[in-house]
Amino acid sequence: MIPVEYMPPLMFAGLVVFMLFGYAVAFSLAAVGLFFGFFAIEWGYFDAGFLQAIPGRIFGSILSNDLLLAIPFFTFMGTILERCGLAEDMLESMGQLFGTLRGGLGYSVIIVGFILGAVTGTVAAQVIAMTLISLPVMMRYKYNMRYATGVLAASGTITQLVPPSLVLVVLADQLGKSVGDMYLGAWGPSLLQIGLFALYTFILTLIKPDYLPAIPREDLTLVGWPLWRKCLAGIVPSAVLIFLVLGTMMFGIATPTEAGAMGAIGAIVLAVVRDKDLGKLGMRVFQVGVLAAVAGIVAYRMQPKSIPFQVSFGVLYLCVAYLCVRAAMIPDLRALLRQAYQSTARLTAMVAFILIGSTCFSIVFQGVDGNTWVEHWLTSLPGGAWGFLLIVNLFVFFLAFFLDFFEIAFIIVPMLAPVAQKILSPIVGESAALIWFGVILCVNMQTSFMHPPFGFALFYMRGVAPKEVKSSDIYWGAVPFVVLQLIMVALVVAMPKMVTVFLDKDLKVDLDKVKIELPTDGGANDPSGGTDEEQQQKDQDQAASDIQKALGGKDEPAGESKDEPKSDEDKAAAAIERALREGADKK
């Protein structure tokens, strides 16, 4: 019989053994959880009824979780946009716009990577597309091979941090926080990371100018307004789609799932509009749809839910429906849609199975007091909150050598969340603690795509790069950008305001200082206020006046002496009044 305090570390060790044998993570999690669960029941750590929580959580927290529906929507949207030609046009136009500067192609890759990250949310297709398009151009103009491969891989992983990142959606679900708040917290670090990459490129142009040469002006195919028009043709639709997805969430118009659905439809419309086989009728329908959308927004601002508003959006829905049907009729787009559905189904199935396996593991882990073990281990670390963040980030960084970000999010984050809430709340407040913690983990987990042995971004690049590109150049080129990402982790830890600046502030109320005052009738009628003694005296005078009226007397007019009552009833009222005052004086 194994003591219960040894069960949690043994569960982790068993999971590592299963994965070293090459079993899938989802099935390894379920197998380890059920294996230790049966022994825990046999040894009396919990009864068999405890495992009924597993199907309850699977059906209650996974299969019925509306938030997780955002994952297939964002995946579908990203797959469509990566393969519809948007990336090619943006990289070509941005390359010519910045190409005459030293390092101009590097700047264009960084900017396009940021924009594509904000409209796609997937790493694999972005790295592949950018490598196929930009790496041959960089090689033609003699860019340093290590810088070229490094900046392409790093710019592809930017999408992990830029909303609407799938990592942020998963982290929000596992931490129990709003996706909108997680997106707001990630904007500051994502913009700073773009600045770090651009700063590194600029410094490299000063130190090693021959590494990043400028493109000769005679090689530019577009100049002036045609060049700007091509740039805007890629940026403006992307900006509209970004607002459609992120803006509706930020303003509370749509939930993340609804925003993802709108993004998926918007991606189909954008793809079909860019296709040369759409025809004049399809373009006219698109233009009518744009006008109907503008008219509907204006009508809503003037009078919500009016007849013009309903008619405008009815026309818009018909135009969108026509364009979606038209996309299914164009052979190239039909093949693109099929590929997008297949990749979305594969990713969604993988996430669902990992969630089910992690549920089996986490339920048994809780049953053998694993959460208490983790909390005791982490809260006893030296250095308080900063020691906790240091150890957790090192732990996640080394886990990323072997695990994908989905696996880290579903296995490790639920165990760390309660401890993080407890330790980090004094620094940034209760509502922002887990948002800050989630963004730190998201920045850290970017490195899982960039370092060996499972740097998937490097694998993607190796698969599509020309044969003359050495694997050693790809791996060594990633090192400076991994260092920049680790610097980014340190900056987010040291400057939590970078994350919390856009979040709602906590209301700090000291319950010990709360004072509730109930106004009296006399005080309510007295606008000038007064001290407690004056108020008490007024109350007594009012009581005496009420008694006098009850005995049949009248109120004394101003200036009339209280010492000279005119009747027996007045004398009795005066005697009662004196008795009340004497009693109050004795108190």
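Everything below is about the structure printed above this text.
Residues numbered from 1 in each chain as written. Predicted model: local features only at pLDDT ≥ 70, side-chain atom pairs only at ≥ 80, totals over all residues. Heavy atoms only, no water.

**Student:** Outline the overall build of the chain, supporting the account with residue identities and numerical values.
**Tutor:** From N to C terminus, the chain includes 26 helices and zero strands. Counting every position in the chain, which comprises 587 residues, the buried fraction comes to 48%. Across the chain, contacts joining residues at least 24 apart in sequence account for 76% of those joining residues at least 6 apart. Here the chain has roughly 29,600 Å² of accessible surface; of this, 65% comes from carbon and sulfur atoms. (Helix = DSSP H or I, 4+ residues; strand = E, 2+ residues; numbered from the N terminus. Buried < 20%, exposed > 50% of the residue type's maximum accessible area, 1.4 Å probe, protein only. Contact = heavy atoms within 4.5 Å. Areas by Shrake-Rupley, 256 points an atom, 1.4 Å probe, with all protein chains shown as cover.)

**Student:** An account of the packing of helix α6 (residues 104-119) against helix α8 (residues 145-157) is requested, with residue identities and associated values reported.
**Tutor:** Where α6 meets α8, the closest approach of the two axes is 9 Å, and the angle between their N-to-C directions is 15°. The angle between the axes of α6 and α8 places the two elements in the roughly parallel class. As α6 runs across α8, the sense of the crossing is right-handed. Seen from α6, the contacting residues are Gly106, Val109, Ile110 and Gly113; seen from α8, they are Tyr147, Val151, Leu152 and Ser155. For the contact of α6 with α8, the class distribution of residues is five nonpolar, three polar and no charged. (Axes fitted to C-alpha atoms, helices over the stretch in contact; angles between N-to-C directions. Parallel < 35°, antiparallel > 145°, perpendicular 65-115°, else oblique. Left-handed = near helix turned anticlockwise from the far one by under 90°. Nonpolar A, V, L, I, M, F, W, Y, C, P; charged D, E, K, R; others polar.)

**Student:** Let's hear about unusual backbone geometry: which residues, and what values?
**Tutor:** Residues other than glycine seldom take positive phi values, yet lysine 142 does so here, at roughly 65°. Secondary-structure assignment places lysine 142 in the loop between α7 (124-140) and α8.

**Student:** A description of the nonpolar core should follow, citing residues and the corresponding values.
**Tutor:** Soluble globular proteins tend to pack their nonpolar side chains together in the buried interior. Phe74, Leu81, Phe388, Leu424, Phe437 and Val492 are the most contacted members of the largest nonpolar core, which has 168 residues in total. When residues in this core are grouped by element, the largest group, 13 residues, is from helix α15 (residues 331-367). (Core = buried A, V, L, I, M, F, W, Y, C linked by side-chain atoms within 4.5 Å.)

**Student:** Which residues make up the environment of alanine 321, and what values do they have?
**Tutor:** Of note, alanine 321 is situated in helix α14 (residues 307-329). Assessed through its relative accessible area of 40%, alanine 321 is described here as partly exposed. Considering only alpha carbons, one finds alanine 321 and valine 269, 52 residues apart in sequence, at a separation of 9.4 Å.

**Student:** I'd like a rundown of the side chain of threonine 157, residues and numbers included.
**Tutor:** Relative to the elements of secondary structure, threonine 157 occurs in helix α8. According to the relative accessible area criterion, threonine 157 is buried, its value standing at 0%. In this structure the side chain of threonine 157 is engaged in a polar contact, spanning 2.8 Å, whose partner is the backbone oxygen of alanine 154. Beyond its immediate sequence surroundings of up to four residues, threonine 157 is in contact with Val123, Gln446, Phe449, Met450, Ala457 and Gln485. (Polar contact = N/O pair within 3.5 Å; in protein donor to acceptor, adjacent residues only side chain to side chain.)

**Student:** Quick rundown of the side chain of asparagine 444? Include the residues and the values.
**Tutor:** The residue asparagine 444 is located in helix α20 (residues 430-445) in this model. Residue asparagine 444 is classed as buried on the basis of its relative accessible area of 2%. The residues touching asparagine 444, leaving out its near neighbours within four places in the chain, are Asn393, Val396, Phe397 and Val489.

**Student:** Could you give an account of the packing of aromatic side chains, naming the residues involved and the relevant values?
**Tutor:** Within the structure shown, the criterion is met by 21 aromatic pairs. When the ring of phenylalanine 35 is compared with that of phenylalanine 39, the centres are 5.0 Å apart and the planes differ by 65°; the resulting orientation is edge-to-face. One end of the pair is phenylalanine 35 and the other is phenylalanine 39, both in helix α2 (residues 25-42) and four residues apart, which spans about a single turn. For phenylalanine 35, a relative accessible area of 46% puts it in the partly exposed group. Judged by centre distance (6.3 Å) and plane angle (75°), the rings of tryptophan 386 and tryptophan 436 are edge-to-face. Taken together, the residues tryptophan 386 in helix α17 (residues 384-399) and tryptophan 436 in helix α20 connect sequence positions 50 residues apart. An aromatic cluster is built from Phe35, Phe36, Phe39, Trp43 and Tyr45, whose rings are joined through pairwise contacts. (Phe/Tyr/Trp six-rings, centres within 6.5 Å; stacked < 30°, edge-to-face > 60°.)

**Student:** Mind laying out helix α19 (residues 413-428), listing which residues take part and the relevant values?
**Tutor:** With 16 residues, α19 should reach 22 Å at 1.5 Å per residue; the first-to-last C-alpha distance of 19 Å falls well below that figure. Inspection of α19 places Val413, Met415, Leu416, Ala417, Val419, Ala420, Ile423, Leu424, Ser425 and Val428 among the buried residues, and these make up the whole buried set. Positive phi appears at glycine 429, one or two residues downstream of α19, with a value of about 100°. (Expected span 1.5 Å × (residues − 1).)

**Student:** So what's going on with α8? Residues and values would help.
**Tutor:** Think of an α-helix as 3.6 residues a turn; residues three or four steps apart then line up on the same face. Relative to the 18 Å expected for 13 residues at 1.5 Å per residue, α8 spans 19 Å between its end C-alpha atoms, a close match to the ideal helical length. What α8 keeps buried is the set Met145, Tyr147, Ala148, Thr149, Gly150, Val151, Leu152, Ala153, Ala154, Ser155, Gly156 and Thr157.

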